Amino acid sequence: MKKSPLPHRVRETGKVFIGNLALESGEELEEVELAYERCGADGAPVILVCHALTGSQYAVGTDEEPGWWHGLIGTNKAVDLNSYQVVTFNVLGGCNGSTGPLSINPSTGEKYRTNFPKITIRDIVNAQHKALWNLGIDTLLAVIGGSLGGMQALEWGLLYPSFIEKIIVLAATSQLSDYGIAFNTIGTAAIENDPGWNGGYYKHPEEVKGLEVARIAGMVTYRSPYLFDQRFQRKEKENSTYEVESYLKYQGKKLTRRFDPNSYLYLLQAMNSHDIGRGRGGMEEAARSYKPEVIGIGFQHDLIYPPNKIKEFTELIPRGTYYYIPTQFGHDGFLVEFERWATILSSHLADHTRQKEAR
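Analysis parameters
- Residues numbered from 1 in each chain as written.
- Predicted model: local features only at pLDDT ≥ 70, side-chain atom pairs only at ≥ 80, totals over all residues.
- Heavy atoms only, no water.
- Phe/Tyr/Trp six-rings, centres within 6.5 Å; stacked < 30°, edge-to-face > 60°.
- Buried < 20%, exposed > 50% of the residue type's maximum accessible area, 1.4 Å probe, protein only.
- Axes fitted to C-alpha atoms, helices over the stretch in contact; angles between N-to-C directions.
- Helix = DSSP H or I, 4+ residues; strand = E, 2+ residues; numbered from the N terminus.
- Parallel < 35°, antiparallel > 145°, perpendicular 65-115°, else oblique.
- Contact = heavy atoms within 4.5 Å.
- Pairing = 2+ DSSP bridges.
- Right-handed = clockwise from strand over helix to strand, strands pointing away.
- Core = buried A, V, L, I, M, F, W, Y, C linked by side-chain atoms within 4.5 Å.
- Disulfide = S-S within 2.5 Å.
- Left-handed = near helix turned anticlockwise from the far one by under 90°.
- Nonpolar A, V, L, I, M, F, W, Y, C, P; charged D, E, K, R; others polar.
- Salt bridge = Lys/Arg side-chain N within 4 Å of Asp/Glu carboxyl O.
- Expected span 1.5 Å × (residues − 1).

Any chance you could break down the packing of aromatic side chains for me, citing the residues and the numbers?
In total, this model carries 15 aromatic pairs according to the counting rule given. Note on Trp156 and Tyr160: the rings are 5.3 Å apart at their centroids and 50 degrees apart in plane angle, and the pair reads as tilted. Of the two residues, Trp156 and Tyr160, both sit in the buried class. Between Trp156 and Phe163, the aromatic rings sit 5.6 Å apart at their centres with planes inclined by 35 degrees, giving tilted as the arrangement.

Any chance you could break down the packing of helix H5 (residues 225-232) against helix H6 (residues 243-256) for me, citing the residues and the numbers?
Their axes nearest at 9 Å, the elements H5 and H6 cross at an angle of 115 degrees. By the criterion of interaxial angle, the relationship of H5 to H6 is roughly perpendicular. On H6, the residues touching Phe228, Arg231 and Phe232 of H5 are Glu243, Val244, Tyr247 and Leu248.

Describe the pairing of strand S11 (residues 320-325), naming the residues involved and giving the relevant values.
Judged from the six bridges that link them, strand S10 (residues 293-299) and S11 form a sheet pairing that is parallel. If you follow Gly296 over to S11, its bridge partner there is Tyr322. Traced from S10 through helix H9 (residues 307-314) to S11, the parallel crossover comes out right-handed.

How would you explain the nonpolar core if you had to name every residue and give the values?
Formed by 73 residues in total, the largest nonpolar core has its most connected members in Phe89, Leu92, Leu140 and Trp156. Tallying contributions element by element places helix H7 (residues 261-272) first for this core, with seven residues. Apart from residues no more than four positions distant in its own chain, Leu92 is found in contact with Leu21, Leu23, Leu29, Val32, Leu34, Thr99, Ile119, Asp123, Ile124, Ala127 and Leu267. Formed by 31 residues, the second largest nonpolar core is a distinct cluster that contains Ala78, Leu81, Ala171 and Phe338.

Account for the pairing of strand S7 (residues 85-89), naming residues and giving values.
Taken across its five residues, S7 has five buried, putting it largely inside the fold. Residues of S7 alternate between two faces, with Gln85, Val87 and Phe89 on one and Val86 and Thr88 on the opposite face, all of them buried. Strand direction decides the pairing type here: strand S3 (residues 28-41) and S7, joined by five bridges, are antiparallel. Opposite Arg38, over in S7, you have Val87 as the bridge partner. Where strand S4 (residues 46-50) and S7 come together, four bridges link them in parallel fashion. Paired with Leu48 across the bridge in S7 is Val87.

How would you sum up the state of the cysteines? Please name residues and give values.
Applying the stated criterion to the full structure yields zero disulfides. Here Cys39 is not disulfide-linked; the sulfur of Cys50 is the nearest cysteine sulfur, at 15 Å. Owing to a relative accessible area of 1%, Cys50 belongs among the buried residues under this scheme.

Quick rundown of the packing of helix H4 (residues 209-222) against H6? Include the residues and the values.
Between H4 and H6, the shortest axis-to-axis distance is 8 Å and the interhelical angle comes to 125 degrees. Judged on the interaxial angle alone, H6 and H4 are oblique. Crossing angle aside, the handedness with which H4 passes H6 is right-handed. Contacts from Lys209, Leu211, Glu212, Arg215, Ile216, Met219 and Val220 in H4 reach Tyr247, Leu248, Lys249, Gln251, Gly252, Lys253, Leu255 and Thr256 in H6. A breakdown of the residues in the contact of H4 with H6 according to their chemical character gives seven nonpolar, three polar and five charged.

Lay out the pattern of salt bridges with the relevant residues and their values.
Oppositely charged side chains can pair when the atoms bearing their charge come close. Using the criterion set out here, one finds 14 salt bridges in the structure. Salt-bridge contacts for Glu155 lead to Arg122; the nearest nitrogen and oxygen are separated by 2.9 Å. Note that Glu155 is positioned in helix H2 (residues 148-159) and Arg122 in helix H1 (residues 121-134), a separation of 33 residues in sequence. Neither residue differs from the other here; Glu155 and Arg122 are each classed as buried. Lys166 serves as the salt-bridge partner of Asp351, at 3.7 Å between the closest nitrogen and oxygen. Taken as a pair, Asp351 in helix H11 (residues 342-358) and Lys166 in strand S9 (residues 164-170) lie far apart in primary sequence, 185 residues in all. Judged by relative accessible area, Lys166 falls into the buried class, the value being 4%. Salt bridges sharing partners connect three or more residues here, namely Glu24, Arg122, Glu155, Arg278 and Arg280.

If you had to explain H4 to someone new, which residues and values would you point to?
Counted at 1.5 Å a residue, the expected span for H4 with its 14 residues is 20 Å, and the 20 Å between its end C-alpha atoms agrees. Within H4, ten of the 14 residues are buried, which leaves the element mostly enclosed by the surrounding structure. Taken together, the buried positions of H4 are Gly210, Leu211, Glu212, Ala214, Arg215, Ala217, Gly218, Met219, Thr221 and Tyr222. Looking at the buried positions of H4, the neighbouring elements they touch are helix H3 (178-192), H5, H6 and H7.

If you had to explain unusual backbone geometry to someone new, which residues and values would you point to?
Positive phi, normally seen in glycine, also occurs at Arg113, with a value near 50 degrees. Non-glycine residue Arg234 carries a positive phi angle of around 55 degrees. Inspection of the secondary structure assignment puts Arg234 in the loop between H5 and H6. Residue class for Arg234 comes out exposed when judged on its relative accessible area of 65%.

Shown next, in the form of structure tokens:
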């Protein structure tokens, strides 16, 4: 565990052991641990930030190695680390230190690989809940997440309603659509039909070219057709390929250098299973059951998580508020255009502070 010397502030990274975890499937996962990052004012209200598909626990990072939401979370930023403490976990099934396919199975002494049990978003949230308790955190001001992270935030509101005050969901719907499952199927097929994957027993992740294809398929949905046309304009490179081809291939190769193909498959499967209404009487019944305040934010041109679906669901929630963000970035708007929506987030967080001062 590493701690920074910042006065009255904490930046802590490490792993928290949570023991055995009962999964929705009925299986029990042994000796589970979650990797985490914890930053902010010591003793301040805690915010849990949940990452997207290929993210990690490093939401904040450092100035030298910025995290994936470094532009949003920090000193005097939208999520001000002078006022709040932020915790992010690498998800169960991930490949950045949390228990997943790369971990050693205590029963066999070998890596799980494709013997890792099936997991769901609810399993991911249950693991996080246990980890927070073990870190000494017994309440949250808010859970914030986008995409896969937004799925987690939605589940938090129903699994542990008394644990949290606010849920801020960006670019995530109450269930993954058939269109979303269709694109995940392309990614899954690309990996599983790659000879280099070898049934999950690959030698090096860089050799699994199917993961590159899966990433390319995902990248096509993350940004809008307008943005692709505006950026690349059918420009060709010297080797007679189009710039858009080179960009997508580069992004595919880049992912293979930092992400595990088996983790990718397990997390796609978890996303496919996402349905807030499952076992709760359907989507509308589940929506009306939310106790915390829920802020839903939809992004223009989001192909997989349509803003109108987020709006319809949020408006069913007793304390639900919906915002629509115009952007040409589509789904990736929640990762890149903070200036368009950061004030929404900061004002809802500050509302808690104002209410507390009034009391």
